[in-house]
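Inside the fold
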Amino acid sequence: MLPDTQFMQLILEEFFQAGGPVLLVLAGLALLLWTLLLERCWFLVRSFPQMLRDCQTATSYGSFLQQKCAANVALQTSLAMIKTLIALCPLLGLLGTVVGMIQLFDVLALRGAANPRLMAAGVAQATLPTMAGMVLAVSGLLFYGRLKRYSQQQWQRLNILSNNWRSRC
Amino acid sequence: MKLSCVLATVLLLGSAVNASAAEADMQALLNTVQDRVAREQATDQQRLATFRQSSREQVKLLQQAEARLAASQQRQTDLKTLFDEQESLLAEQQNLLKNRTGQLGEIFGVVKQQAKDLQGVLMDSLISAELPGRAERLEFSGQQEVLTRHELEALWQTFQQELIYSGQVKAFEAPVVMTSGETHNTEVVRVGAFNAVSADGEFLVYADDRLKQLARQPDSSVRAQAAEFVRGEGDTLLVDPNRGGLLQLLSLKPTLQARIEQGGGVGYLIIGLGIVGLLVALWRLLVSTYTGLRIRRQLAAVQNPRKDNPLGRLLLAAQAGGSREDMEVRLDSALLAETPKLEQGLAILKLIAAVAPLLGLLGTVTGMIGTFQSITLFGTGDPKMMAGGISQALITTVLGLCVAIPLLFCHSHLFSRTRRTLQFLQQKSLAILVEREEAQQPEVLAEEYPEAANAA
């Protein structure tokens, strides 16, 4: 059975409306983060083995160094950015919380604490971005840890190759 | 004893000497006293006469007052009898009214009550802007008389009118009070009893018997939508189900500028820091892009290193060395010299990104101090009093985060870019030099080739 796309879209719209503008920023951040993460996965699985092979079959120290330089630089691209993006997720969640709190206190200032229903919108705006930020950060961290370890291993392999060449020259 | 006798004798002698002068004085005194007594007697007589006169007058006044009292009492009894007569007449008439209305009395009560309620509804209803003076037909709600057929009809007709009109979307001409205070006759589109929109998409509310332009309009996108709706191009419109109440609440929401002003000095400080940080980030972004372009151009022409880019400078520095070890040492020292140029401005970026949230916290704490001061002054009885201060305190935190997040992002991007560039420079320059060396000594290459193949 296919999921009801219209219904899901409605739920998503409701979620974004309840969470306020910060949630939209978080969505953009999530898109960027996951694009980078998937790009890294693709790179490590597809592009990097070819680079490693190029390094191993290099015919001279000079050409090996050229290959190693390219591989090294490629290996480190966007990892630092991913790390920062992951760190930004909870911060944005906090921003959302504070924005929601401001709305909540605005309602309090206008209407007093008599009607808790009026405050519900502010509370939703305060809590939803925090939750979204946490989910993003945790899921991103899981992937990031794997990717980082894997690229460190590859980096060490490159260094071993380079040491081989060095001892020979 | 002897002494006092002497003293008395001396005194007697003295008085005998003055006796003739004193006699004349005494005569004068006697005359004066007699004269005074005569005068006082005359005054007393006069006073007595006046008193008697006024006493007579008082008696006369008393008689007059008594006569008035008697007249008033007479009038009171007359009026009382009249009142009683009227009262019994009124009771009779009421009885008559009751008899005449018979079973309809309660119905009339209900009708009047409904008419009164409906008047209240019409007062706030947008439909009255299109049909002014409707409520006058229901004036009978305050009267005592027996309702006529027309009045009964007016009630149900007005009810029905309100019902039907509140289901209509209609355009009509009406005077609208602008925010400037002027009144213009413009085309207005009314959506049931909920919304009124002017031709250019401005939202209106109905209050005090006239349409007024809202001082604070909703977002421009909503207004554009409304304008399209009025022109008949769009089919969506924001409707306030609270009959304008929600729209009026909009004006109480502080604007962005008001919010920033709430942040106070700390808020402005954070914004200033943010602007500085953004400028630094932009500058570094431009410089690093430019440097990257230069390096790429140098890579295309490795043979003639230029001094206008880091890679060229590294190559130039390394070429001066003789052996490969010497070259590597020179390369490292040249790279160390390049590093600060590439990393310029990054530290301040990081500093601002770290300081901004802290400043936000500071603003929050100072705001909270203000809130607590208001608590000590006014107590915790009114949450409204505190809520304003708290939302003010939180603004600085928001500002701090708004500055820190993009700056952190920029810093991380620039930092990783710089580190990559440095690594690239080190490895690339070494690779270029080694390749060049190998090109000059082809025999080394031939010698090393099989080993390289083995290693692979």
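Because the structure is a prediction, the values reported are computed rather than measured.

The next subject is the overall build of chain A. Secondary structure assignment for chain A yields five helices and zero strands. In sequence order, chain A lays out its α and β elements as α-α-α-α-α. The buried share of chain A, reckoned over its 169 residues, is 43%. Counting contacts in chain A only where the partners sit at least 6 residues apart, residues at least 24 apart contribute 81% of the total. As displayed, chain A offers around 9,200 Å² of accessible surface, 67% of which is attributable to carbon and sulfur atoms.

Here we take up the pattern of salt bridges. As enumerated under the stated definition, the model contains nine salt bridges over all chains in all. Close ionic contact of Asp106(A) with Arg259(B) constitutes a salt bridge, the shortest N to O distance being 2.3 Å. Here Arg259(B) lies in helix H7 (residues 256-300) and Asp106(A) lies in helix H4 (residues 79-111), a pairing that spans two chains. For Asp106(A), a relative accessible area of 16% corresponds to the buried category. For Arg259(B), a relative accessible area of 15% translates into the label buried. One continuous salt-bridge network, built from bridges that share partners, spans Arg294(B), Arg306(B) and Asp308(B).

Turning our attention to the environment of Ala109(A). By the secondary structure assignment, Ala109(A) is in helix H4. Excluding its chain neighbours within four sequence positions, the residues that come into contact with Ala109(A) are Lys384(B), Ala387(B) and Gly388(B).

Contacts between the two partners involve 44 residues from chain A, matched on the other side by 43 residues from chain B. Carbon and sulfur atoms supply 70% of the area that chain A and chain B bury against each other, a total of about 3,900 Å² over both sides. Remark: the boundary between chain A and chain B carries one salt bridge. Taken together, chain A and chain B are joined by five residue pairs in polar contact (both at pLDDT 80 or more). Tallying contributions element by element places H4(A) first for the side of chain A that touches chain B, with 19 residues. Of the residues that constitute the side of chain A that touches chain B, the class distribution is 26 nonpolar, 13 polar and five charged.

This part takes up the packing of aromatic side chains. All names here are of chain A. Under the definition given, this model contains four aromatic pairs over all chains. A ring pair is formed by phenylalanine 43 and phenylalanine 48, whose centres lie 5.8 Å apart and whose planes are at 55 degrees; its orientation type is tilted. A centroid spacing of 5.8 Å and a plane angle of 25 degrees characterise the contact between phenylalanine 64 and tryptophan 165, whose relative ring orientation is stacked. A residue pair is termed long-range when its members are at least 10 positions apart, and phenylalanine 64 in helix H3 (residues 61-76) and tryptophan 165 in helix H5 (residues 116-168) qualify at 101 residues.

We now examine the pairing of strand S5 (residues 210-213) of chain B. Both faces of the sheet carry side chains from a regular strand, because those side chains alternate between them. All names here are of chain B. Residues Leu211 and Gln213 line the buried face of S5, whereas the alternating positions Arg210 and Lys212 sit on a face that is not buried. Summarising the sheet, strand S1 (residues 169-177) and S5 pair through two bridges and their orientation is parallel. Note on S5: the bridge partner recorded for valine 177 is lysine 212. Bridge count between strand S4 (residues 203-207) and S5: four bridges; the pairing is antiparallel.

Cut-off values and rules
- Residues numbered from 1 in each chain as written.
- Chains lettered and ligands numbered in written order.
- Predicted model: local features only at pLDDT ≥ 70, side-chain atom pairs only at ≥ 80, totals over all residues.
- Heavy atoms only, no water.
- Helix = DSSP H or I, 4+ residues; strand = E, 2+ residues; numbered from the N terminus.
- Buried < 20%, exposed > 50% of the residue type's maximum accessible area, 1.4 Å probe, protein only.
- Contact = heavy atoms within 4.5 Å.
- Areas by Shrake-Rupley, 256 points an atom, 1.4 Å probe, with all protein chains shown as cover.
- Salt bridge = Lys/Arg side-chain N within 4 Å of Asp/Glu carboxyl O.
- Buried area = accessible area lost by both parts, 1.4 Å probe.
- Polar contact = N/O pair within 3.5 Å; in protein donor to acceptor, adjacent residues only side chain to side chain.
- Nonpolar A, V, L, I, M, F, W, Y, C, P; charged D, E, K, R; others polar.
- Phe/Tyr/Trp six-rings, centres within 6.5 Å; stacked < 30°, edge-to-face > 60°.
- Pairing = 2+ DSSP bridges.

Interpretation in functional terms is not warranted from these geometric data alone.
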